[in-house]
Amino acid sequence: DEMGNNRNGSRQRIATICSSREISETEVYDKAKKLLEIYRDVCWETSEYANLVREDLAYEYGYASSDLDTALLYLENFAPDEQKEKFAAKIRALFSVKWMVEIVDSAIIKVREFPLNGELYAHLLSMYYLGKFQYTEAEMMEELNLERSSYYRRKKEAVIVFGLAIWGGSIDDLRQIMLGNEPKQMTFDGMAQRYQKV
């Protein structure tokens with residue numbers, strides 16, 4: 001609807017970032033959705049998760065850099081049409097649960113920074129995909145106070161923005177975030193400008 005698009009230019013902003021990065025919106029959506037769909041299976045259903053939550057937040061990163069690179073490379077190159085169970089199993093094999101949580105958490109923080117609807121997107125993704133409790137679509141619409149059509153539109157936008165937070169920069173950017181060194185250019189506003197200059 002026209003009004004919805006005037007009220008927020010999220011669709012346009014997303015399209016601009018995708019075209020400036022030469023990223024296929026469909027592909028980033030498919031990959032992000034697949035990753036979000038397995039998060040609960042990988043994280044909540046493992047006994048390590050309980051320990052992880054209790055761990056001191058000032059955890060020292062003891063990752064071997066090459067292991068992290070292998071995992072990130074896999075994340076970069078996986079085919080979104082892979083079966084969910086196979087994909088979840090590969091993630092479990094390549095990632096410690098902690099990595100999976102770190103990557104998704106850092107992406108959600110970026111989603112929250114998205115200039116339009118960022119807070120809504122982060123809230124929607126956290127409720128629908130990441131929390132231990134699985135909400136129904138009806139509960140989601142009520143909680144977020146959205147009409148059905150707006151809800152589905154926002155949910156799709158949220159998934160794409162989440163995908164851009166992970167795949168919108170280089171693997172090295174993502175690794176730096178995981179190791180706690182935030183690359184300056186990974187902000188959403190910077191992302192579109194940075195690649196228009198190139």
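Predicted model, so just to flag it, every value in this text is computed and none were measured.

**A closer look at the environment of Leu125**
Move 1: Among the structural elements, Leu125 can be located in helix 8 (residues 118-130).
Move 2: Exposure remark for Leu125: the relative accessible area of 0% places this residue in the buried category.
Move 3: Sequence separation between Leu125 and Lys155 is 30 residues, and the spatial gap between their C-alpha atoms is 7.7 Å.
Move 4: Leave out the neighbours within four places in its chain, and Leu125 touches Leu36, Ile108, Val111, Leu130, Ala158, Val159 and Phe162.

**Remarks on the packing of helix 2 (residues 10-20) against helix 10 (residues 148-167)**
Move 1: At a closest axis distance of 11 Å, the pairing of helix 2 and helix 10 adopts a crossing angle of 30 degrees. With respect to their mutual orientation, helix 2 and helix 10 come out roughly parallel. The chirality of how helix 2 crosses helix 10 is left-handed. In contact with Ser10, Arg11, Ile14, Ile17 and Cys18 of helix 2, helix 10 contributes Glu157, Ile160, Val161 and Leu164.

**Considerations on the confidence of the model for the protein**
Move 1: On average, residues of the protein score 80 in pLDDT, and 75% of them reach the 70 mark or higher.
Move 2: Residue range residues 56-61 is modelled with pLDDT below 50. Its contacts to residues more than four positions away, or to other chains, number 3 contacts.

**Remarks on the nonpolar core**
Move 1: If you look at the biggest cluster of nonpolar residues, it comprises 56 residues, and the most contacted ones within it are Leu35, Leu75, Ile91, Leu125, Phe162 and Ile166.
Move 2: Mapped by element, the contributors of at least two residues to this core are helix 2, helix 3 (25-43), helix 5 (65-77), helix 6 (84-94), helix 7 (97-113), helix 8, helix 9 (137-144) and helix 10.
Move 3: Ranked by the residues each element gives to this core, the list is headed by helix 10, at 10 residues.

**Topic: the packing of helix 8 against helix 10**
Move 1: Remark: helix 8 packs on helix 10, axes separated minimally by 9 Å, with the N-to-C direction vectors making an angle of 95 degrees. By the angle between their directions, the pair helix 8 and helix 10 is classed as roughly perpendicular. Facing Leu120, Tyr121, Leu124, Leu125, Tyr128 and Tyr129 of helix 8, the residues of helix 10 in contact are Tyr151, Arg154, Lys155, Glu157, Ala158, Val159, Val161 and Phe162.
Move 2: Of the residues contributing to the contact of helix 8 with helix 10, the split by class is 11 nonpolar, no polar and 3 charged.

The rules behind these values
- Residues numbered from 1 in each chain as written.
- Predicted model: local features only at pLDDT ≥ 70, side-chain atom pairs only at ≥ 80, totals over all residues.
- Heavy atoms only, no water.
- Helix = DSSP H or I, 4+ residues; strand = E, 2+ residues; numbered from the N terminus.
- Buried < 20%, exposed > 50% of the residue type's maximum accessible area, 1.4 Å probe, protein only.
- Contact = heavy atoms within 4.5 Å.
- Axes fitted to C-alpha atoms, helices over the stretch in contact; angles between N-to-C directions.
- Parallel < 35°, antiparallel > 145°, perpendicular 65-115°, else oblique.
- Left-handed = near helix turned anticlockwise from the far one by under 90°.
- pLDDT = per-residue confidence, 0-100.
- Core = buried A, V, L, I, M, F, W, Y, C linked by side-chain atoms within 4.5 Å.
- Nonpolar A, V, L, I, M, F, W, Y, C, P; charged D, E, K, R; others polar.

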